[in-house]
Amino acid sequence: MPVSSEIKKRFALATALRGLLMLVGGIYAVLWPTEALTVLVLFGGALLLIDGALGLWSLTFGGGKSGNYWFDVIANAASLLLGIVILISPWLATIFTVTFIAVMVGLAALFVGVMQIVVVIRERESYARIWPVILSGASYVLLGLLFLFFPIFSAAVGVVIGGILLITFAIGLFGWAWRLYQASKA
């Protein structure tokens, strides 16, 4: 079934709108990374609140029974309470949530870097040159230490990088929307 030019124009408009939303979000993340981080945590809190409430409703009234009823009740209640705590104090929740995630990323990067260095030193006979792997491992260690000692700053830099990626993707969507619009005129 052929697609009409009117539907192609709607696809182009929807794609351009997606691009515009991504562009605005990307610019916001680049210019105000800590505020963007707080907004992300608030959205996460709202999702936890909604998920916990709907999960408890499903268990109580919707007949959503599983094999472990009490585990589901506790998990949904914890989700609901965590969502409420995050929404009541977004600044405090942002600091704790971001710090926790940054520490986990830092520990993972530290572990990967140390393991790369240990493995390449133990098996140096298998490598023509070990320095690239040692430098890679050292960069992981430095990244891990950065995340461990400066978690909020590291998360803010991550938000800026994410904003740059959003802006880049938005430009691609604008190009796609333009091609869709041009195809609708043909």
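From a predicted model like this one, the values you see are computed outputs, not experimental measurements.

A.B. asks: Would you mind showing me how to read helix 2 (residues 33–60) here?
C.D. replies: For helix 2, spanning 28 residues, the distance from its first C-alpha to its last is 40 Å, which sits close to the expected 40 Å at 1.5 Å a residue. Among the residues of helix 2, Pro 33, Ala 36, Leu 37, Val 41, Gly 45, Gly 52, Gly 55 and Leu 59 are the ones counted as buried. Its buried side turned inward, helix 2 meets helix 1 (5–31), helix 3 (69–88), helix 4 (90–122) and helix 6 (151–185).

A.B. asks: Mind showing me how you'd approach the layout of surface pockets here?
C.D. replies: Put simply, the largest pocket is a space of about 180 Å³. Along its surface, the largest pocket is lined by Leu 37, Leu 40, Val 41, Thr 97, Val 98, Ile 101, Ala 102, Val 105, Phe 147, Ser 154, Ala 155 and Gly 158. Of all elements in the fold, only helix 2, helix 4 and helix 6 reach the threshold of two or more residues within the lining of the largest pocket. Take the lining of the largest pocket: its biggest share by element is 5 residues, from helix 4. Grouping the amino acids of the lining of the largest pocket by side-chain chemistry returns 9 nonpolar, 3 polar and no charged. By volume, the second largest pocket amounts to about 150 Å³. What lines the second largest pocket is Gly 25, Tyr 28, Ala 29, Ala 36, Val 39, Leu 40, Phe 43, Val 159, Gly 162, Gly 163 and Leu 166. Secondary structure elements with two or more residues in the lining of the second largest pocket: helix 1, helix 2 and helix 6. When the residues that make up the lining of the second largest pocket are grouped by side-chain class, the tally is 8 nonpolar, 3 polar and no charged.

Rules and cut-offs
- For every chain, the first residue of the written sequence is number 1, and numbering continues from 1 onward in sequence order.
- In keeping with the predicted nature of the model, local features appear solely for residues at pLDDT of at least 70, side-chain atom pairs appear and are counted solely at 80 or more, and the whole-chain, interface and lining totals rest on all residues.
- Side-chain numbers come from the whole structure's heavy atoms, not from hydrogens or water.
- Secondary structure elements follow DSSP: runs of H or I no shorter than four residues count as helices, runs of E no shorter than two count as strands, and numbering proceeds from the N terminus.
- A helix's residues, less one, multiplied by 1.5 Å, set its expected span.
- With a 1.4 Å probe rolled over the protein chains alone, any residue whose accessible area is under 20% of its type maximum counts as buried; one over 50% counts as exposed, and the rest are partly exposed.
- Residues count as neighbours in contact if any of their non-hydrogen atoms are within 4.5 Å of one another.
- Here a cavity denotes grid points, spaced 1 Å and computed from the protein atoms alone, that fit a 1.4 Å probe unable to get out, and a pocket denotes an open set having protein on both sides within 12 Å along at least 5 of 7 lines; residues with an atom within 4 Å of a point are the lining.
- Grid points are joined across faces, edges and corners, and a volume is the space filled by probe spheres set on the points.
- Three residue categories are used. Nonpolar comprises Ala, Val, Leu, Ile, Met, Phe, Trp, Tyr, Cys and Pro, charged comprises Asp, Glu, Lys and Arg, and polar comprises the others, including Gly.

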